[in-house]
Amino acid sequence: MSGWLMIWKKRTGPAPTDGSVFRPDQLLSQSIDQVRDTLVRVGRTYVSLGELVSIEPTDADVVELVGAPALNAFGAGMTGGELRIRGKVGDDLGTSMSGGLIRVHGSAGHRVGGPAADANKGMTGGEIVIDGDAGDYVGLRMRRGMIIVKGHAGASPGYRMIAGTIVLCLGPVDHPGLEMRRGTIMCTNPGADVTLGVNFSRGRVLELSSMTFGLVMVRRLRDLCVLGSDKPNAYDRVRIWTGDRCELNKGEVWQWVC
Amino acid sequence: MRVGDTTIEDTFAEAFRMWAARLIVTAADDYWVDVASREATGYGTSVIGCDAEAGVERRLSPDDTPDMRPGAALLFFAFNARTLAKALPNRVGQCLMTCPTSAVYDGMVDGFTKQNSDDTARIDVGKSIRFFGDGFQKSKVVMIDDRQRRLWRIAVMDGEFVVEDDVGAIKAIGGGNFLIGATSQRAGLVAARRAVDAIATLHDVITPFPGGVVRSGSKVGSRYKTMFASTNDAFCPTLRDQTDTQLHDDVNCVYEIVINGLSEIAIAGAMRTGIEAAAGQGIVDISAGNYGGNLGKFHFQLHKVMATAKSETA
């Protein structure tokens, strides 16, 4: 298997808004002709992918997209593989995805990892890493998997979260985990202002060493180059709030403290 | 064949099909890794009387463990996957969950398939232990070593016990062995320790007996109906005049090194390494335990094992 490097072509006329065709689990198993012939919806018509992007094979098992407009629903429903996007993306990144990795070298819109229009739960597996900022409702109703936002996140990350993990590297964190049932929202910035809803417990400070899952997460964040190798030594304690007490009360919000 | 002063007998070791699982155990520091490893692999010498044969395969540095703490790879062997599935949750629940700061992960990368097959199986560990959490347990699916793995977080009094939902098991081999025939007990002990120390540096094998050494080698069957294994009288120096002895005239002490491994190549490599280390002054011969070739399907001819190029068994 090889990957595809896709460079967006300059063209006139209407542009697509839906990026859900960019699914590595489907594109990586196809020949270059099949990939070129893949249809993309533009308004009320369809155009072939080959008209929108130039496609070059690569050695890495990755679909990499460069210079595309901020389409919605990139990687929606994907089950595996890696999608790498250089540039901004629109709303609904990775909706209802169940596996694989999406890396965005830019910012993302609202509802990252949320549910598709016809689904009642968000992503059920896989990982999304956003180098820039993300909009509101990161991880809306997500069920499993991990979302990492290295920049700022909008309002209510983890809103109605069912389970899974959200990592926010900068602050402020605005009302995380409202109505969450389970799941973990981690803020790795000790100085960030975390504003919690009233249904969360008073935070308790624990040693990171006693929260072994935190150490597993640190290892994964290092593997994804989200954390440097000097951490978590400087952040060897975490403050943990639990909630939402009006739901299952099995969710938790972590903030690393100095 | 001779290695130095020691004769390598023209015989073979007879080994059996077993199933194996590998657990990665981590803890806050080396002391607690030792404690956890010792407890989890205790009472794990022979499936004649134990639920599993167990041992420490190797120590792991923080760079090699999922939670960046020091750890150890433990290997567990049983006659079949079903027996292993009974032994592992018991040992993890009683010996590892109770051990301060410990965590348990699957270390059998080769056995990673969610479907059971003729050659691999998944064994529930955290899946059953999680109920100790009394409803407070939490499940997390995390990418570790490019695999999505489900971990259970069970609240305990020093924080949380993390244990993998299920672990892989694969077909393996138990009962690779060689017998060190020494002129004295002291010479035998020194040689046995040399052999065990040399084997301990290898991957995919363990020596499950006390200190890696067996003094009570057994044969199949007994004159007593209730016993299906009994002392290997042919190698007992005290019975030399009462039985069909297989001992050389100068041999006054015999120690057996039993090796369980994940493959024939791993066991053959460990046998050769161990024999090379054991041979020397005071060691008259190296032999091997077999049952006439009728019991185990894996036969390790000592001369063939010693002739195998190192590159083939590395």
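Residues numbered from 1 in each chain as written. Chains lettered and ligands numbered in written order. Predicted model: local features only at pLDDT ≥ 70, side-chain atom pairs only at ≥ 80, totals over all residues. Heavy atoms only, no water.

### Brief notes about the overall build of chain B
Phase 1: Each helix and strand in chain B was counted, giving seven helices and 17 strands.
Phase 2: In terms of overall size, chain B behaves like a compact globule, its C-alpha atoms giving a radius of gyration of 21 Å where 314 residues would be expected to give roughly 20 Å.
Phase 3: If you line up chain B on its principal axes, its C-alpha atoms span 65 × 45 × 35 Å.
Phase 4: The buried share of chain B, taken over its 314 residues, is 56%.
Phase 5: Contacts spanning at least 24 positions in sequence make up 75% of the contacts within chain B whose residues lie at least 6 apart.
Phase 6: Accessible area for chain B stands at about 14,400 Å²; split by element, carbon and sulfur atoms hold 50% of it. (Helix = DSSP H or I, 4+ residues; strand = E, 2+ residues; numbered from the N terminus. Rg over C-alpha atoms; globule rule 2.2 N^0.38 Å. Buried < 20%, exposed > 50% of the residue type's maximum accessible area, 1.4 Å probe, protein only. Contact = heavy atoms within 4.5 Å. Areas by Shrake-Rupley, 256 points an atom, 1.4 Å probe, with all protein chains shown as cover.)

### Re the domain arrangement of chain B
By convention, interface size is frequently given as the accessible area that disappears when the constituent parts associate.
All names here are of chain B.
Phase 1: Here chain B is partitioned into domain 1 (2–14 + 172–313) and domain 2 (19–170).
Phase 2: Counting from both sides, the interface comprises 17 residues of domain 1 and, opposite them, 17 residues of domain 2.
Phase 3: Together, the buried faces of domain 1 and domain 2 total about 1,200 Å²; carbon and sulfur atoms form 66% of this surface.
Phase 4: In this assembly, domain 1 and domain 2 are joined by one salt bridge.
Phase 5: The residue aspartate 204 makes a salt bridge to arginine 22 at a minimum N-O spacing of 2.8 Å.
Phase 6: At the surface where domain 1 touches domain 2, the tally comes to four residue pairs in polar contact (both at pLDDT 80 or more).
Phase 7: Across the side of domain 1 that touches domain 2, the residue classes break down as twelve nonpolar, four polar and one charged. (Domains from an automatic or database assignment. Buried area = accessible area lost by both parts, 1.4 Å probe. Salt bridge = Lys/Arg side-chain N within 4 Å of Asp/Glu carboxyl O. Polar contact = N/O pair within 3.5 Å; in protein donor to acceptor, adjacent residues only side chain to side chain. Nonpolar A, V, L, I, M, F, W, Y, C, P; charged D, E, K, R; others polar.)

### Some words on the side chain of Glu57(B)
All names here are of chain B.
Phase 1: Mapped onto the fold, glutamate 57 is located in strand S4 (residues 53–60).
Phase 2: Among the residues examined, glutamate 57 registers a relative accessible area of 2% and is labelled buried.
Phase 3: Contacts of glutamate 57, omitting those with residues within four sequence positions, involve Arg22, Ala73, Leu74, Leu75, Ala200, Leu202, His203, Asp204, Val205 and Ile206.

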